[in-house]
Amino acid sequence: VQLQASGGGLVQTGGSLRLSCAASGRTGSAYGMGWFRQAPGKEREFVASINWSGGSTFFADSVKGRFTISRDNAKTTVYLQMNYLKPEDTAIYYCAARRSGYSGYALRMYEYDYWGQGTLVTVSS
């Protein structure tokens with residue numbers, strides 16, 4: 001499975017961006033998906049996850065109420081809609097896929113089997 005993240009860019013505080021993660025290869029709708037981010041000098045951290053059907057999602061406290069995660073299984077694409085962005089949201093955002101996709105609760109990096117290359121989000125103050 002190959003994952004291609006896109007949609008990053010420069011945005012002002014309070015703005016919005018939508019990230020996309022397109023999956024190719026041996027994809028299947030049973031995969032769970034997640035987004036992580038890594039800010040300069042910091043460890044990679046969990047942002048959001050979604051189960052195979054899209055019916056179960058989970059968010060980090062830092063983005064709850066501002067970010068939403070969704071998926072289009074027909075397009076094998078997962079989205080991260082980011083609203084009310086803050087400078088502390090600045091990071092490289094990575095999408096990831098896991099074969100065990102029935103639960104939307106997957107916060108740990110080791111739970112994911114495949115990773116995309118990342119897309120940079122910069123929020124200016």
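Bear in mind the structure is a predicted one, so any value in this text is a computation, not a measurement. (Residues numbered from 1 in each chain as written. Predicted model: local features only at pLDDT ≥ 70, side-chain atom pairs only at ≥ 80, totals over all residues. Heavy atoms only, no water.)

### Things to note about the sheet that holds strand S1 (residues 2-6)
Read from one edge of the open sheet, four strands run S1-S3-S8-S7, paired in antiparallel fashion. One side of each edge strand has no neighbouring strand; the edge strands of this open sheet are S1 and strand S7 (67-72). For this sheet the average axis-to-axis angle between neighbouring strands, irrespective of direction, equals 15 degrees. Note: strand S3 (residues 17-24) against strand S8 (residues 77-82), six bridges, orientation antiparallel. Considered in S8, the bridge of leucine 19 is made with leucine 80. (Pairing = 2+ DSSP bridges. Helix = DSSP H or I, 4+ residues; strand = E, 2+ residues; numbered from the N terminus. Axes fitted to C-alpha atoms, helices over the stretch in contact; angles between N-to-C directions.)

### So, the environment of tyrosine 84
Structurally, tyrosine 84 is set in the loop between S8 and strand S9 (91-98). Tyrosine 84 sits 45 residues away from alanine 39 along the chain, and the two C-alpha atoms are 18 Å apart. Once residues within four sequence positions are removed from consideration, tyrosine 84 is found in contact with Gly14, Gly15, Ser16, Arg66 and Asp89. (Contact = heavy atoms within 4.5 Å.)

### Some points on the environment of serine 24
Tracing the sequence through the fold places serine 24 in strand S3. Serine 24 gets classed as partly exposed once you look at its relative accessible area, which sits at 37%. A C-alpha to C-alpha distance of 31 Å links serine 24 and glycine 41, two positions 17 residues apart in sequence. Not counting residues within four places of it along the chain, the set of residues in contact with serine 24 comprises Val1 and Gln2. (Buried < 20%, exposed > 50% of the residue type's maximum accessible area, 1.4 Å probe, protein only.)

### A few points about the packing of aromatic side chains
Under the counting rule described, the total for this entry stands at eight aromatic pairs. Taking the centre distance of 6.2 Å and the plane angle of 65 degrees together, the rings of tyrosine 31 and tyrosine 114 count as edge-to-face. With tyrosine 31 in the loop between S3 and strand S4 (32-38) and tyrosine 114 in strand S10 (residues 114-115), this residue pair connects regions lying 83 residues apart in the sequence. The exposure class of tyrosine 31 is buried, given its relative accessible area of 14%. Centroid distance phenylalanine 58 to tyrosine 105: 4.7 Å. Interplanar angle 75 degrees. Geometry classified as edge-to-face. Note that phenylalanine 58 is positioned in strand S6 (residues 57-59) and tyrosine 105 in the loop between S9 and S10, a separation of 47 residues in sequence. When its relative accessible area of 27% is taken as the criterion, phenylalanine 58 is described as partly exposed. An aromatic cluster is defined as three or more aromatic residues linked by ring pairs; in this entry it consists of Phe36, Phe46, Phe58, Tyr105, Tyr112 and Trp115. The ring of phenylalanine 58 carries the charged tip of lysine 64 above its face, separated from the ring centre by 5.7 Å. (Phe/Tyr/Trp six-rings, centres within 6.5 Å; stacked < 30°, edge-to-face > 60°. Lys NZ or Arg CZ within 6 Å of the ring centre and 35° of its normal.)

### Thoughts on the state of the cysteines
Under the counting rule described, the total for this entry stands at one disulfide. With a sulfur-sulfur separation of 2.1 Å, cysteine 21 is cross-linked through a disulfide to cysteine 95. Disulfide cysteine 21-cysteine 95: the torsion about the S-S bond is 65 degrees, which places it as right-handed. Here cysteine 95 lies in strand S9 and cysteine 21 lies in strand S3, a separation of 74 residues in the sequence. In this structure, cysteine 21 and cysteine 95 share a single accessibility class: buried. (Disulfide = S-S within 2.5 Å.)

Function cannot be read off these values alone, since they describe shape.
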